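Read off the chains here:
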Amino acid sequence: MGVRNYLVEGVSGTGKTSVCRELARRGHHAVNGDTDLAYQGDPATGEATDTALHEHHIWDVGRVRALVADHRDPVTFFCGGSRNFTRFIDLFDEVFVLDVDLDTLHRRLDQRPHGEWGAKPSERALVVRLHRTKEDVPGTGVVIDATRPLGDVVDEILRRAGLVGDSTGQA
């Protein structure tokens with residue numbers, strides 16, 4: 001939906017949802033991919049599955065393409081994780097990869113409500129492994145230190161997107 005489009009990625013617990021909410025609060029068009037675009041599907045084919053596996057958490061590529069092609073907003077931020085990001089990453093003007101240290105990651109996962117992904121021990125173990133290997137996030141992009149306060153993290157993203165001091169999305 002933006003003339004310019006940005007992807008905000010990172011492993012679970014790095015702050016993608018919080019960043020999305022803060023961008024929207026500041027008046028930017030922000031899409032929460034985990035709630036607005038995601039479904040369980042085969043990352044290679046996009047075919048829906050009736051699984052509940054982390055590896056099948058993908059975004060609807062057609063919807064991503066349609067949102068990127070809609071230029072009603074000057075800037076759109078797509079926030080969230082997807083196992084099929086390689087099928088649409090080329091559509092973005094820039095990719096921001098949120099990163100935190102292991103202690104911060106554990107603290108954030110400890111604060112997750114029961115039932116939220118990453119709260120179970122098996123899910124936490126997967127998140128920690130993905131944090132270590134970085135296999136689940138884009139290998140290219142601007143790494144953002146997301147251990148800082150949320151406002152500072154969003155300010156850094158906006159600065160790197162050329163939107164410093166402007167809450168309307170206009171550069």
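What you see is a predicted model, and the numbers here were worked out from it, not measured in a lab. Every chain's residues receive numbers from 1 upward, in the order its sequence appears when written. Given that this is a predicted model, residues contribute local features only at a pLDDT of at least 70 and side-chain atom pairs are listed and counted only at 80 or more, while totals for whole chains, interfaces and linings are drawn from all residues. The side-chain quantities take in all heavy atoms of the structure and omit both hydrogens and water.

Any cysteine sulfur atom paired with another within 2.5 Å is treated as part of a disulfide. Evaluated as defined, the whole model comprises zero disulfides. With no disulfide of its own, C20 has C79 as its nearest cysteine by sulfur position, at a separation of 3.9 Å.

We define the nonpolar core as a collection of buried residues of types Ala, Val, Leu, Ile, Met, Phe, Trp, Tyr and Cys that are connected through side-chain atoms lying within 4.5 Å of one another. Buried, partly exposed and exposed residues are distinguished by accessible area as a fraction of the type maximum, computed with a 1.4 Å probe on protein chains only: under 20%, between the cut-offs, and over 50%, respectively. By size, the foremost hydrophobic cluster in this structure holds 24 residues, and its most contacted members are V8, V19, L23, F77, F96, L98 and I157. For this core, the secondary structure elements donating two or more residues are β1 (2–9), α1 (16–25), β5 (73–79), β6 (94–99), α4 (102–110), β7 (142–145) and α6 (150–160). Among the elements that make up this core, the one with the highest residue count is α6 (four residues). Among all residues touching I157, those that are not within four sequence positions of it are V8, V19, F77, F96, L98 and I144. Residues L7, V31, L37 and F92 belong to the second largest nonpolar core, which totals 18 residues. Helix and strand definitions follow DSSP, with helices as H or I runs of at least four residues and strands as E runs of at least two, each counted in order from the N terminus. Contacts are assigned to residue pairs with any non-hydrogen atoms lying within 4.5 Å of each other.

The next subject is the pattern of salt bridges. By definition, a salt bridge exists where a carboxyl oxygen of Asp or Glu is found within 4 Å of a side-chain nitrogen of Lys or Arg. Applying the stated rule across the entire model yields 11 salt bridges. One salt bridge connects E22 with R26, and the closest N-O pair in it is separated by 2.8 Å. Measuring nitrogen to oxygen at the nearest pair gives 2.9 Å for the salt bridge that ties R129 to E135. Overall, the relative accessible area of 32% leaves R129 in the partly exposed class.

As a further point, take unusual backbone geometry. Phi at K134 is positive, roughly 60°, even though this residue is not glycine. As for its position among the elements, K134 is in the loop between α5 (121–133) and β7. Overall, K134 belongs to the partly exposed group, its relative accessible area being 35%.

With that settled, consider the confidence of the model for the protein chain. Confidence scores per residue from the predictor, reported as pLDDT, run from 0 to 100. Across the protein chain, the average pLDDT comes to 91, with 95% of residues at or above 70. In the model of the protein chain, β1 stands out as the element of lowest mean pLDDT, 91, in contrast to β7, which has the highest, 98. Note that residues 166–171 has pLDDT below 50 and, in this model, 17 contacts with residues that lie over four places away or in other chains.

Moving on to α1. Of the positions making up α1, those classed as buried are K16, V19, C20, E22 and L23. Taken end-on, α1 shows its buried residues confined to a sector of 170°, consistent with a single buried face. Exposed side chains of α1 directed beyond 90 degrees from the buried face belong to R21 and R25. One or two steps after α1, the chain reaches G27, where phi turns positive at roughly 100°. Working note: the arc is built from the helix axis to C-beta atom directions.

Topologically, H57 is positioned in strand β4 (residues 57–59). Along the primary structure H57 and A38 are separated by 19 residues, whereas in three dimensions their C-alpha atoms are 6.4 Å apart. The contacts of H57, once residues within four sequence positions are left out, are D34, A38, Y39, Q40, G81, S82 and R83.

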